[in-house]
Structure formats: C-alpha cells, structure tokens
Amino acid sequence: QVQLVESGGGLVQAGGSLRLSCAASRIIFSINAMAWYRQAPGRQRELVATITSGGSTNYADSVKGRFTISRDNAKNTVYLQLNSLKPEDTAVYYCNAGGVTGYWGQGTRITVSS
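Values in this document were obtained by computation on a predicted structure and should not be read as measured data.

Enquirer: Help me out: how do you make sense of the overall build of the protein in this one?
Expert: Within the protein, the secondary structure is distributed over 1 helix and 11 strands. Counting from the amino terminus, the protein carries its helices and strands in the arrangement β-β-β-α-β-β-β-β-β-β-β-β. Radius of gyration (C-alpha) of the protein: 13 Å, near the 13 Å computed for a compact globule of 114 residues. Across its three principal axes, the protein shows a C-alpha extent of roughly 40 × 25 × 20 Å. Nonlocal contacts in the protein, meaning residues at least 24 apart in sequence, comprise 53% of its contacts between residues at least 6 apart. Counting every atom, the protein has about 6,000 Å² of accessible surface; 46% of that belongs to carbon and sulfur. Taking the average place of the 11 positive charges on the side chains of the protein and the average place of its 6 negative ones, the gap between the two points comes to 4 Å.

What follows is the structure in structure tokens.
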C-alpha cells in the first residue's frame, strides 16, 4: 500500500524552527524523487523543495537559505528543516513522491505567529 505520512507541524513564533518528516513506503521512496509542497489559505499549492533519489536538491526562491530538504534512505524518510520561519510560511505542507500526478501525504499544518 502506498503511503506518505507527514509529521512535525505545529505553531511556532516568527524566527523559530520546525522539522517536518515524511515516512514513505519503501518502493515509493526508492524510485521517486521526493518533494515538499505547501498551500496557504486562499492560495494555490506551491512547490517548496525537491530532492532526487541521488540527493540533488532544489528550492523555491522564497525558502532558499532557510529551509533544507534531506532524506534518510535507510528509514525511507524525507525531512524538511524549516529555520527563520516567517508568518508568510504559514500553510499546510504536503509530502509528495513522483510529481503532481504522483503520491501525496495528508498534509501537516504550520502556523507562524508574528
């Protein structure tokens, strides 16, 4: 069964940090690039960061230098470290495997207070 299960969201003050985790089914994790998306209230879902099976990463301009995506192949888990959080980072964050037509997690909410 294909599963992506996120955890780690919550409420944080501006300037704070959080780490999101996404545990994936082994077969999905091994063959797919992984990504984090987010959707803020009233806005379209946007790509935050990607990491290939080989470990290459890419980031949205709005999070470069603040967010770090990583993966632990032994644990079939992808992480998103969020530092220097801003109120505009408030959104539901989704784990993704295989692009927009691939697999999605249920989402985890992050609220950044000013």
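Enquirer: Got a minute to help me understand the side chain of Asn-76 in this structure?
Expert: Along the chain, Asn-76 turns up in the loop between strand S7 (67-72) and strand S8 (77-82). Residues contacting Asn-76, with those up to four places away along its chain left out, are Cys-22, Ala-23, Ala-24, Arg-26 and Phe-29.

Enquirer: Help me understand the environment of Gly-54 in this model?
Expert: Along the polypeptide, Gly-54 turns up in the loop between strand S5 (46-51) and strand S6 (57-59). On the basis of relative accessibility, which here comes to 71%, the residue Gly-54 falls in the exposed class. Along the sequence, Gly-54 and Asn-32 sit 22 residues apart, while their C-alpha atoms lie 9.9 Å from each other.

Enquirer: Quick question: what am I supposed to make of the packing of aromatic side chains here?
Expert: Centre-to-centre distance and the angle between the planes together describe a pair of aromatic rings. Considering all chains together, one arrives at 2 aromatic pairs under this definition. When the ring of Tyr-94 is compared with that of Trp-104, the centres are 6.4 Å apart and the planes differ by 85 degrees; the resulting orientation is edge-to-face. One end of the pair, Tyr-94, is in strand S9 (residues 91-97); the other, Trp-104, is in strand S10 (residues 103-104), with 10 residues separating them in the sequence. Grouping aromatic residues by their ring pairs yields a cluster made of Tyr-37, Tyr-94 and Trp-104.

Enquirer: Looking at this structure, I do not really get the state of the cysteines. What am I missing?
Expert: Disulfides are covalent bonds that link the sulfur atoms of two cysteine residues. In this structure the tally under the stated criterion is 1 disulfide. Disulfide pairing is shown between Cys-22 and Cys-95; the S-S distance is 2.0 Å. Between Cys-22 and Cys-95, the S-S torsion sits near -80 degrees, and that sign places the bridge as left-handed. In this pair, Cys-22 is assigned in strand S3 (residues 18-24) and Cys-95 in strand S9, connecting sequence segments 73 residues apart. Residue class for Cys-22 comes out buried when judged on its relative accessible area of 0%. A residue is classified by how much of its surface remains accessible, and Cys-95, at 0% relative accessible area, is buried.

Enquirer: Please clarify how the pattern of salt bridges should be interpreted in this entry.
Expert: When the charged atoms of two side chains lie near each other, side chains of opposite charge can form a pair. Within the structure shown, the criterion is met by 4 salt bridges. Note that Arg-38 and Glu-46 form a salt bridge whose closest N and O atoms lie 2.6 Å from each other. Owing to a relative accessible area of 30%, Glu-46 belongs among the partly exposed residues under this scheme. Put simply, Arg-38, Glu-46, Arg-66 and Asp-89 are held in one network by salt bridges that share partners.

Enquirer: Looking at this structure, how should I read the nonpolar core?
Expert: Taken as a class, soluble globular proteins show a tendency for nonpolar side chains to be buried jointly. Within the largest apolar cluster, 29 residues are counted, with the highest numbers of intra-cluster contacts made by Met-34, Trp-36, Val-78, Leu-80, Leu-82 and Tyr-93. Contributions of two or more residues to this core are made by S3, helix H1 (26-31), strand S4 (34-39), S5, S7, S8, S9 and strand S11 (108-113). Discounting chain neighbours no more than four positions away, the residues touching Leu-82 are Gly-16, Ser-17, Leu-18, Leu-20, Arg-66, Phe-67, Tyr-93 and Ile-110.

Thresholds applied
Each chain has its residues counted from 1, following the order in which its sequence is written. With the structure being a predicted model, the display of local features is reserved for residues of pLDDT at least 70 and the display and counting of side-chain atom pairs for 80 or more, all residues being used for whole-chain, interface and lining totals. Side-chain descriptors were evaluated using all non-hydrogen atoms of the structure, hydrogens and water having been removed beforehand. Under the DSSP-based scheme used, a helix requires at least four consecutive residues in state H or I and a strand at least two consecutive residues in state E, with every element numbered from the N terminus. When we talk radius of gyration, it's over C-alpha atoms, and the globule rule is simply 2.2 Å times the number of residues to the 0.38. Whether two residues are in contact is decided by their heavy atoms: any pair within 4.5 Å suffices. Under the convention used here, a 1.4 Å probe and the Shrake-Rupley method define accessible areas, while residue burial counts only the protein chains that appear. For the purpose of charge, His is not counted, nor are the chain termini; Lys and Arg are scored as positive and Asp and Glu as negative. Charge positions are represented by NZ for Lys, CZ for Arg, CG for Asp and CD for Glu. Throughout, exposure labels follow a simple rule: accessible area from a 1.4 Å probe, protein chains only, divided by the maximum for the residue type, with under 20% read as buried, over 50% as exposed, and the rest as partly exposed. Centres within 6.5 Å make a pair out of two Phe, Tyr or Trp rings, where for Trp the six-membered ring is used; the pair is then stacked when the planes are under 30 degrees apart, edge-to-face when over 60, and tilted otherwise. Here, a disulfide means two cysteine sulfur atoms that sit within 2.5 Å of each other. For this document, the term salt bridge refers to a Lys or Arg side-chain nitrogen within 4 Å of an Asp or Glu carboxyl oxygen. Among buried residues, those of type Ala, Val, Leu, Ile, Met, Phe, Trp, Tyr and Cys that are joined through side-chain atoms within 4.5 Å constitute a nonpolar core.

Just geometry here; none of it tells us what the structure is for.
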